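# Coordinate inspection notes
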Amino acid sequence: MKKLNLFSIVVFFVSALFFTACDTDPIGGGETDTILPEKFSVDIPDAISQDVSARKSVAVDTMNGNEVYSHLTFFIRVGESAAEIVESIIWSIRVYDIDRIKTLSFVSEEDGRIKNVVVVEAPEFDGRTWDYGLTLTDADSEGNEDGGKGMQIFWNGQPRAGIAILKPYNINRRDDAQLGEAMFRLDYSEEGEFGYDAHMIVAIADLPGIEPLLEPFAMNAMKMFVGKKGGIVDVYGNSSHPNAKLLTTTTGYNWAFVASAEVGRDVAAAEVGLPLSTLDATGREVLLGKYSIKNVFTNEVLTVWPNANQELIDAWLTNTEAPGYFNGSGFVQGGTMPGEEYEEVASRLPGLSPYNPKSIAELEIAFNE
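Residues numbered from 1 in each chain as written. Predicted model: local features only at pLDDT ≥ 70, side-chain atom pairs only at ≥ 80, totals over all residues. Heavy atoms only, no water.

## With respect to the pairing of strand S11 (residues 221-229)
Remember that side chains alternate between the two faces of the sheet whenever the strand is regular. Alignment of strand S10 (residues 198-205) against S11, held across seven bridges, turns out to be antiparallel. Of the residues in S11, the one forming a bridge with Met-200 is Val-226. Hairpin connection between S11 and strand S12 (residues 232-241): a loop of two residues separates the two successive antiparallel strands, and Gly-230 in this loop has a positive phi of roughly 60°. (Pairing = 2+ DSSP bridges. Helix = DSSP H or I, 4+ residues; strand = E, 2+ residues; numbered from the N terminus.)

Following this line, the structure appears as structure tokens:
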């Protein structure tokens, strides 16, 4: 059996949870004859997907609109990196020249354990029949409740579309042991069913808990949609932060967001709402209106300081106006458009809306049986 060096997922997830930067450059097996998909993600412009929050300390007593918007670019980066990890693993498996239906085994260089790969034709999953399916398992764990599954991919060749599901623990038992039951899923399509040239939906569930005093804003789940049409990329979704607090004792917030960015121009605009993760509601009027950054911060300030003067209130409401504007260096300002180059991306925001916060907090991801 050959050895295969799979991408170390824990490097990303642990760094994401602790707000430290990471490198997600894909590893590849070169050009080979294969039925595996060559493309499985949508690139997000840097203006709205950055590691900026990973390099900054998070202090609750200095949280303001700037911080909320800056965190957004990092949370989007978390989702984009998850998609890159999927693509990296697919490219790693390409070294086996999977050009037909086959079964193979290899020893992973990362955890030294035997992994089995089975490729089938015409599998059924998620209500449709796919051209091909691939399942990767940890051989010694196949008798477990999860079947030892580390990855499943279902895909079509033309037009390109597919679903990938990962459980890092069963891919790298040595380094990803602390991720436990964490799962993520990537849906990718070039079929145009949402009006985009290509889109992806990234979902992450059951990330392990972290001591709230260490990382109060750590996420446990997220889901985001990314669609590319010409030179525009639209993004919307939610990330769930069960221990997040602002000023009061209220705990557990969603970053509910919509954003649009222009490829190649380093300009982006976004709206963010801060509903509680338990909120069972949909619609931008509620999620981005009633629970806008400005409204939530105003309520928090007046709850703690009901007789606060306007100077104190204004200090807390710095850059809480929507939308927030970004360039290649990160967050620029909130409320007032910095220049006419932002007009197109800002005009797209009213047509976008996040998911139901409660559905993200309770998100579940499962393999095909």
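## Thoughts on the pattern of salt bridges
Going through the model one piece at a time under the given rule, you end up with 18 salt bridges. Asp-138 serves as the salt-bridge partner of Arg-113, at 2.7 Å between the closest nitrogen and oxygen. Of this pair, Arg-113 sits in the loop between strand S2 (103-108) and strand S3 (114-121) while Asp-138 sits in strand S6 (residues 132-138); the two residues are 25 residues apart in sequence, bridging distant segments of the chain. With a relative accessible area of 0%, Asp-138 lands in the buried category. One salt bridge in this structure joins Asp-138 and Arg-173, with 3.6 Å as the shortest N-O distance. Highlighted residues: Asp-138 in strand S6 and Arg-173 in the loop between helix H3 (168-171) and strand S9 (183-189), separated in sequence by 35 residues. Its relative accessible area of 16% is what places Arg-173 among the buried residues. Salt bridges sharing common partners tie together Asp-111, Arg-113, Lys-115, Asp-138 and Arg-173. (Salt bridge = Lys/Arg side-chain N within 4 Å of Asp/Glu carboxyl O. Buried < 20%, exposed > 50% of the residue type's maximum accessible area, 1.4 Å probe, protein only.)

## Focus: the packing of aromatic side chains
Evaluation of the coordinates by the stated rule reveals 15 aromatic pairs. With a centroid separation of 6.0 Å and an interplanar angle of 80°, the aromatic rings of Tyr-69 and Phe-326 are classed as edge-to-face. Within this pair, whereas Tyr-69 is found in helix H2 (residues 65-93), its partner Phe-326 is found in strand S15 (residues 324-327), the two being separated by 257 residues in sequence. Judged by relative accessible area, Tyr-69 falls into the buried class, the value being 0%. (Phe/Tyr/Trp six-rings, centres within 6.5 Å; stacked < 30°, edge-to-face > 60°.)

## Here we look at unusual backbone geometry
A cis amide bond links Gln-158 to the next residue, Pro-159, at an omega of -15°. Structurally, Pro-159 is set in the loop between strand S7 (149-156) and strand S8 (161-166). Residues other than glycine seldom take positive phi values, yet Asp-266 does so here, at roughly 55°. One can find Asp-266 in the loop between strand S13 (253-262) and strand S14 (267-273). When its relative accessible area of 38% is taken as the criterion, Asp-266 is described as partly exposed.

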